[in-house]
Amino acid sequence: MSAPVTEPVESRPWRPEDGPAPKVWSWPAGDRPALRVWSCGAWRYAAVMARHDYPDGRVIYQVAVDLDGSTTVVPRAYEWPQPALRLAHPSQSEPSASGPPTLARGRARSIDSAGA
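Residues numbered from 1 in each chain as written. Predicted model: local features only at pLDDT ≥ 70, side-chain atom pairs only at ≥ 80, totals over all residues. Heavy atoms only, no water.

Q: So what about the packing of aromatic side chains? Which residues, and what values?
A: Enumeration according to the criterion identifies two aromatic pairs in this entry. With a centroid separation of 5.2 Å and 65 degrees between ring planes, the pair formed by W38 and W43 is classed as edge-to-face. Overall, the relative accessible area of 25% leaves W43 in the partly exposed class. Judged by centre distance (5.9 Å) and plane angle (85 degrees), the rings of Y61 and W80 are edge-to-face. Of the two residues, Y61 is situated in strand β4 (residues 59-65) and W80 in strand β5 (residues 74-80); the sequence distance between them amounts to 19 residues. Here W80 falls in the buried class, since its relative accessible area comes to 17%. Directly above the aromatic system of Y54 lies the positively charged group of R58, at a separation of 4.1 Å from the ring centroid. (Phe/Tyr/Trp six-rings, centres within 6.5 Å; stacked < 30°, edge-to-face > 60°. Buried < 20%, exposed > 50% of the residue type's maximum accessible area, 1.4 Å probe, protein only. Helix = DSSP H or I, 4+ residues; strand = E, 2+ residues; numbered from the N terminus. Lys NZ or Arg CZ within 6 Å of the ring centre and 35° of its normal.)

Put into structure tokens, the structure is as follows:
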């Protein structure tokens with residue numbers, strides 16, 4: 001029997017005193033990857049708004065998620081990986097770190113392939 005999943009730990013926003021700013025990746029609104037977030041006893045769909053790659057190797061995903069099933073979507077930031085987060089689906093588009101991303105057709109991209 002495995003241990004129960006607990007709700008994910010939310011990350012605080014970057015501040016100048018944290019050191020160098022992260023590189024921020026985004027996807028086109030029509031083709032964002034998504035995560036599943038464990039909240040209130042269920043896996044909730046969370047569209048990825050951005051990925052933050054920190055110089056120290058940490059990865060933070062900003063997501064839009066309905067945490068309680070009420071249809072109220074809120075922004076949250078979570079460090080990847082952690083047990084309360086799962087990949088829901090990848091994006092077909094390349095993420096962009098400089099300017100607006102554009103839709104691209106091709107093979108599916110993992111959320112872990114940004115910036116790599």
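Q: Please set out the nonpolar core residue by residue, giving values where relevant.
A: One recurring pattern in soluble globular proteins is that nonpolar side chains are buried together. The biggest cluster of nonpolar side chains holds 13 residues, and the ones touching the most others in it are V37, Y61 and V63. Taken together, the elements giving at least two residues each to this core come down to β2 (34-39), β3 (42-53), β4 and β5. No other element matches the four residues that β4 contributes to this core. (Core = buried A, V, L, I, M, F, W, Y, C linked by side-chain atoms within 4.5 Å.)

Q: I'd like a description of the pattern of salt bridges, backed by residues and values.
A: Under the criterion given, the structure shown has four salt bridges. Residue R12 pairs with D18 through a salt bridge whose shortest N-O separation is 2.7 Å. A residue is classified by how much of its surface remains accessible, and R12, at 45% relative accessible area, is partly exposed. For R51, the salt bridge goes to D53, with nearest N and O atoms at 2.6 Å. What makes D53 buried here is its relative accessible area of 17%. (Salt bridge = Lys/Arg side-chain N within 4 Å of Asp/Glu carboxyl O.)

Q: So what's going on with the side chain of R44? Residues and values would help.
A: Within the fold, R44 resides in strand β3. Among buried charged residues, R44 stands out as having no salt bridge; its nearest opposite-charge side chain is D66, 5.7 Å away. Of note is the side chain of R44, whose polar atom sits 3.2 Å from the backbone oxygen of S39. (Lys, Arg positive; Asp, Glu negative; His and termini not counted. Polar contact = N/O pair within 3.5 Å; in protein donor to acceptor, adjacent residues only side chain to side chain.)

Q: Let's hear about unusual backbone geometry: which residues, and what values?
A: Put simply, W80 and P81 share a cis peptide bond, and its omega is -5 degrees. Mapped onto the fold, P81 is located in the loop between β5 and β6 (85-89). In this structure, C40 is a non-glycine residue whose phi angle is positive, near 50 degrees. Tracing the backbone shows C40 in the loop between β2 and β3. Even without glycine at this site, T71 takes up a positive phi of about 75 degrees. Following the sequence through the fold, T71 ends up in the loop between β4 and β5.

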